[in-house]
Each structure stands twice: as C-alpha cells, then as structure tokens.
Amino acid sequence: MTTITVPLYRAAHGRTGDKGDRSNISVIAWHPALWPLLVAQVTPEAVAVQFRHRAPSHVRRFLLPKLHAMNFVLDAVLDGGVNDALNLDTHGKSLSFLLLDLRIDVPADLQHLLAGPSEG
Amino acid sequence: MQTSPSTPALLIGCAAGFSGDRTDVAGPVVDTLVARLAGGPPGQRAFLIFETLAERTLALAQLRRRTDAEAGYEPLLDAMLRPVLAQCLAHDIRIVSNFGAANPRAAARHIARMAKELGQPAPRIAVVEGDDLSAAEHQALLHDTLGAAMDGLRIVSANAYIGAEPIAAALDAGAQIVVCGRVADPSLTVGPAMSHFGWAADDWDVLGRATMAGHLLECGAQVCGGYFADPGYKDVPGLDNVGFPIAEIAPDGHCTIGKSVGTGGFVTEATVKEQLLYEVHDPAAYLTPDVVADIGEAEVQAVGRDRVAVSGVRGHARPTHYKVNVCHEGGWLAEGEISYAGPRAEGRARMAGEVLRKRLAGLDLRVDLIGAISILADDAGRALAATPDCGARDVRLRVAATHADRAEAERLTREVMALYTCGPAGGGGVRTALTPRLNTISCLLPRERVPVGFAMVEVDA
C-alpha cells in the first residue's frame, strides 16, 4: 500500500487560544478514520520540534477521542504573552497554522478523506 | 422553577464577542429571539448577552476613567445596544453584559438615558460589583498574595474574575438589564440560566454544561463560521454578514447552538469543536469561578441545519479562589516600519535591520521581515537567523523594542525614520509609533476575601 506525505491541514483543522504566556492549539480530525493517524504521528515531541524557535518550556497533549480531537498546550511560547511580546501577533493567534503545517503520512485507502486541493 | 421534560429551553443570544466587535449584529439576533418566542412554547424566555472584555480591555478602561469620571465603560456600548434596546424591553428579552468594564454605574446611567431617548419606561438596571480591586483599600489584600512582586509597580487596574451568582441574584430581584465589570465570560450565560431554572450554586454538572454553553457563545461569531474560513480548505458562506450565536439551554444545562436567521456563516460540528477547545488547557478541568467544567467526554452532533447539540459535559466543585489580574504600567513600546520592493528587496530589508541593530545597541530589538518571515517567529530572532534570504520582492521591515524610559524607546523611532536617507536604497513608507505599555501579573485570592453583589441603580435620567 502506498502512503503519501501531506500537510496536517489536509487531515485536520484547529484554532489557537492564549492565556498569558501559554498557547493552546486544537487539532481536530476532518474524519473519524483519520484520528488514529493523528494520535500516532502528531505527538508532543513532533510539535516541540515544529515550535523549536519558540522554545516551549513544556508541551502537553490532551486527547478528546469523542471529538476526534486533541488539544496541545505549549508553555512559554508567546514571549510573555499579549502584554509583553514584541510580536505584532502578541496573542500568537497565527500559531495554529504553524502546527497545521506539520507533515504526516497517510495510507492510500484514507486519502479520499483529506480536505482541499493537494497543493497548498 | 420546577423543571420537567416539557420545560422549554432557555434562549440566549450573543451579540458581541469582544470590545471592538461589529455593532450591526445584534438586530438579527434579537429578531430571531423575538420570532422564536412568538412561535415557542408558553413560558419560554430569552436573554441577550454582550461579551466585551479581554485581559487588556479593563486596564484601558481604567485609564479612561482617570481622566473622565463618567467614562471607563465599553466605548461601543451605545452603538451596540441602541439598535435593539427598545425591542428587547418590549419583548421581555433581558440583557446581561460585562460592558460596564471599569465603570458599571456610568454604563447603567448611559443605558437609562438611552431608554428615555427611545421613549421607553425606565428599565430596572442592576450593576454587579466587587470585581474591582484597584482602589487604595485593596492594596493590602493584593500585597498579602503578591508580596514583593508588587513593590514599585504603578498599578492601573486589578480585577477579580467573579462568577454568575450576583448576576442570577440581580435577575431574581427583577433586573431587566444587568451591567457587570469583570465577570468570567461564561458567567454571562450561567447567571441567566441559574436564575431561570433555579439551579443551586453547587449543582456542578448543570453549571458545567451551562458554562460550556457560555464558552461557545462568548466569542460571538467564532462559533458561527467567523475566524474559521480558509479558502479551498474551509469554505464559509457569507462571511461579510456572518451570524451571531443563539444557544438553546435545556433544563439539564446542555445546549444546542444555532445562529441568527438571515445571516451568513454556518454552525457545524467543526465550528463548534474549534470553539469548544478555544482557550482551554486541560479539557477535564476548565476553571471558572462557578465550576470546574469537564469536556473530556463531551460530544457534538449536528441536529439540523445550523444546529449542533453538545452532550457529555460534566462539572466538578468550583475553585476556592478567584483569579485576579493586576495591570500595571510597563514603560514604553517603540515600533517602526519601512518597506522595500522589487529586485533584492529582502536583502535590502535585512541590511536595514542590521543597521538598526548596530545603531540601537542597548535595546533588545525584535526584527520582522513582513512578506518573508514575521509573526510566526520569536522575539529573540532565532527563527529569523535560521531563515536564509529567500528573495522576497515585497518586504516590510518592522522593528520593535521596549524601555522603561521614554527617551530610550524614542531612539528606535528616530533611527527608523533616518533610514530614509542613511539606510539602504529604495526604502519607503516609514511609520513609527511610541505607546505606553501595560503589563499584567496574576494571583489568586480566597473567595471569602472578595465580597461581591449587585445593586439596583436608581437613575434620575
């Protein structure tokens, strides 16, 4: 069986929230059948690598199997947060798109469940 | 009231998700509520909420109140409320909001004047109080918790995130409009539901469910397709006229989310899931002053067009302490921008950034190359340093720094301006800004040390 490598945003969607210097980013499978792939591949370790320039002090992953979703909580990634960061995006609202740009491997029989065009 | 399986759902519409939200959205929400009440079962009730406070909003409101004793509430209050106030009063749709910000009593007076101008009888308006801990008499209380962290701070605002109980009490006492300052966002929904269904303040499961209903409502359009669209991947119809949400809350606290009729956007399982997890950390422990809500086993299910039901939410005993945010003066933020375009634009922008780094020794400078690498990068410049020149042909250089001393911060804006003649070739469109900064520290205070309550406002409009 052939697998293809795709950006995570084809298999999942998500949104960023912030409280202080802590960011949370949801990752929600577009289809229940894609959920096990996310659990296996979108690990806290993989997310920490994707955010290495933000130097998170801690990355936690919470699984919500009934929503086919996971919630990542990244500590100390907002350069102090909304009142302290020099970033234009002090809330880190754009960070969901950094996470959703991770690459994951999808087997052939699940590829029809992916969202959007293959180029993005 | 006694609840039975036939008890009608409580309708709660939300017409603002933050200070600065659209002000033409309440009309369709209220029209929808009026139509639902007209066609609904006997005994059905509806509320309208506006959520207009964020972490910084209150501090900015306190600063306005310092210069004008009748200011310090939501600046858009009139624009948000005036279009629907008469209709709400006529149809017994009660209004709950935190648009009182740093001055709920002045907001109440404004609303009373508005009602009079609209030819309405004087409405019964309550203010919820106790959240504001910025007065001199609260210094000792804060110092007990913050200790040395408070020394030397010039405090602008200090507010406890208080809960639904005083809102429910004000409604029980007959208030038609409840004006709050810093109550927790979901409490704007929990308060009306507590009052309407007669829930006890320790009925944790129902409070947890209503809290998540409030959480889904509190960001307005964000559960109706706002902040969701990504063309080609997440297409949303009619975003220019996106609708605002209406929750139907059942007697057990669970809700079905819908939206105002005749508007754009949509309510789908996907939009509800994104908003359910928004600003949540541990899904089994979403902390509010009313309850610890638990969505670890929550489910969502589409039950019709633009209707999604939430189930499986639980609640646990509320925290013993209130969260308190203390905002203080934080020196000066200096920002400057200049654009480069055409061949080698990125190279010229990078060179300008290096020039500024040398000229501004002593300031911790953030450098952005907008159009190449900016908001995903870190303040320390690790991502920028790791990103080679990719030949971008339209780049806006932005630099930013802070300093306690205004004159030091101002060096940045002057050096960016000087790039016009002393920097690389072809730079244009300089903009600079020097703004006072606010910083925040948080602490916890035992609930019993923060008395809260409501007062009916006697207004001579």
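Residues numbered from 1 in each chain as written. Chains lettered and ligands numbered in written order. Predicted model: local features only at pLDDT ≥ 70, side-chain atom pairs only at ≥ 80, totals over all residues.

**Q** Before we move on, can you summarise the overall build of chain B with the specific residues and values?
**A** Looking only at helices and strands, one finds twelve helices and 18 strands in chain B. In terms of overall dimensions, chain B is globule-like: its C-alpha atoms have a radius of gyration of 25 Å, near the 23 Å expected for 461 residues. Based on the C-alpha atoms only, the size of chain B along its principal axes is roughly 75 × 55 × 45 Å. Sequence-distant contacts, at least 24 apart, represent 76% of the contacts inside chain B between residues at least 6 apart. (Helix = DSSP H or I, 4+ residues; strand = E, 2+ residues; numbered from the N terminus. Rg over C-alpha atoms; globule rule 2.2 N^0.38 Å. Contact = placed C-beta atoms within 7 Å.)

**Q** Can you break down the overall build of chain A residue by residue, with the values?
**A** Counting its secondary structure elements, chain A contains three helices and seven strands. Seen in sequence order, chain A has helices and strands lined up from the N terminus as β-β-β-β-α-α-β-β-α-β. In terms of overall dimensions, chain A is globule-like: its C-alpha atoms have a radius of gyration of 15 Å, near the 14 Å expected for 120 residues. Expressed as lengths along the three principal axes of its C-alpha atoms, the size of chain A is roughly 50 × 30 × 20 Å. The buried share of chain A, reckoned over its 120 residues, is 47%. A separation threshold of at least 6 residues defines the contact pool for chain A, and within that pool the share at least 24 residues apart is 66%. (Buried ≥ 20, exposed ≤ 12 C-beta atoms within 10 Å, placed from the backbone.)

**Q** Can you break down the domain arrangement of chain B residue by residue, with the values?
**A** Per the domain assignment, the segments of chain B are domain 1 (10-132 + 161-320 + 448-456) and domain 2 (326-442). Spacing between the C-alpha centres of domain 1 of chain B and domain 2 of chain B amounts to 39 Å. (Domains from an automatic or database assignment.)

**Q** Before we move on, could you go through the pairing of strand 15 (residues 366-370) of chain B and cite the residues and values that matter?
**A** Residue and element names in this part refer to chain B. Taking burial as the measure, the five residues of strand 15 include four buried ones, the bulk of the element. As paired elements, strand 15 and strand 16 (residues 394-403) share five bridges and run antiparallel to each other. Following the sheet pairing, L369 is matched in strand 16 by L397. (Pairing = 2+ DSSP bridges.)

**Q** How would you summarise the interface of chain B and chain A if you had to cite specific residues and measurements?
**A** Facing 40 residues of chain B, the contacting portion of chain A comprises 33 residues. Secondary structure elements with two or more residues in the side of chain B that touches chain A: helix 9 (269-276), strand 11 (299-304), strand 15, helix 11 (382-385), strand 16 and strand 17 (428-446) of chain B. If one sorts the elements of the side of chain B that touches chain A by residue count, strand 17 of chain B sits on top with four residues. Its residues assigned to classes, the side of chain B that touches chain A shows 16 nonpolar, nine polar and 15 charged. (Nonpolar A, V, L, I, M, F, W, Y, C, P; charged D, E, K, R; others polar.)

**Q** Tell me about the nonpolar core, and name the residues and values.
**A** Counting 167 residues, the largest nonpolar core has A12 and V27 of chain A together with A15, L48, I167 and V178 of chain B as the members making the most contacts within it. Residue assignment places this core across two domains, with domain 1 (10-132 + 161-320 + 448-456) and domain 2 (326-442) of chain B each supplying three or more. When residues no more than four places from it in sequence are discounted, the contact partners of A15 of chain B are V25, A26, V29, L48, F50, M80 and F244 of chain B. (Core = buried A, V, L, I, M, F, W, Y, C linked by C-beta atoms within 7 Å.)

**Q** Tell me what's going on with the sheet that holds strand 12 (residues 307-311) of chain B, and back it up with residues and numbers.
**A** Residues and elements named next belong to chain B. Overall, mixed pairing links the ten strands, which are arranged 11-12-8-7-1-2-3-6-4-18 in an open sheet. Each edge of the open sheet is held by one strand with a lone partner, namely strand 11 and strand 18 (453-456). The mean inter-strand angle of the sheet, taken between neighbouring strand axes irrespective of direction, is 25 degrees. Taken together, the five bridges between strand 11 and strand 12 define a ladder with antiparallel strand orientation. By the bridge assignment, G304 is partnered in strand 12 with R307. The strands that helix 8 (residues 204-217) touches are strand 1 (10-14), strand 2 (46-50), strand 7 (245-249), strand 8 (255-259) and strand 12; relative to strand 7, the one it contacts most, it runs at about 170 degrees. (Axes fitted to C-alpha atoms, helices over the stretch in contact; angles between N-to-C directions.)

**Q** Explain the sheet that holds strand 9 (residues 286-287) of chain B to me, using residue names and the numbers behind them.
**A** Residues and elements named next belong to chain B. The strand order 9-10-13 describes an open sheet built from three strands, whose pairing is antiparallel. If you trace the sheet from one side to the other, it starts and ends with strand 9 and strand 13 (314-316), each paired once. Across two bridges, the pairing between strand 9 and strand 10 (residues 292-294) is antiparallel. Each residue of the ladder has a partner; that of Y286, found in strand 10, is A293.

**Q** Account for the environment of H68 of chain A, with residues named and values stated.
**A** Looking at the secondary structure, you find H68 of chain A in the loop between strand 5 (58-64) and strand 6 (69-75). Every residue in contact with H68 of chain A, bar those within four places of it in the chain, is listed here: I28, A29, P32 and W35 of chain A.

**Q** For helix 2 (residues 57-67) of chain B, give the residues involved together with the corresponding values.
**A** Residues separated by three or four positions in an α-helix point in the same direction, a consequence of the helix having 3.6 residues per turn. If you check which residues of helix 2 of chain B are buried, you get T57, L58, A59, A61 and Q62 of chain B. The inward-facing, buried residues of helix 2 of chain B abut strand 5 (155-160), strand 14 (321-341) and strand 17 of chain B.

**Q** Any details on the environment of D364 of chain B? Residues and values, ideally.
**A** Position of D364 of chain B among the secondary structure elements: in the loop between helix 10 (345-359) and strand 15. In the structure, D364 of chain B is positioned 15 residues away from D379 of chain B in sequence and 9.0 Å away in space, judged by C-alpha atoms.

**Q** An account of the packing of helix 7 (residues 187-197) of chain B against helix 8 of chain B is requested, with residue identities and associated values reported.
**A** Two quantities define a packed helix pair, namely the angle between the helix axes and the distance between the axes. All names here are of chain B. Relative to each other, helix 7 and helix 8 sit at 135 degrees, their axes nearing to 7 Å. As far as their axial angle goes, helix 8 and helix 7 are oblique. Handedness of the crossing formed by helix 7 with helix 8: right-handed. Contacts between helix 7 and helix 8 involve S187, L188, T189, V190 and A193 from the first element and L207, A210, T211, A213, G214 and L217 from the second. Here the contact of helix 7 with helix 8 is composed, by residue class, of seven nonpolar, four polar and no charged. (Parallel < 35°, antiparallel > 145°, perpendicular 65-115°, else oblique. Left-handed = near helix turned anticlockwise from the far one by under 90°.)

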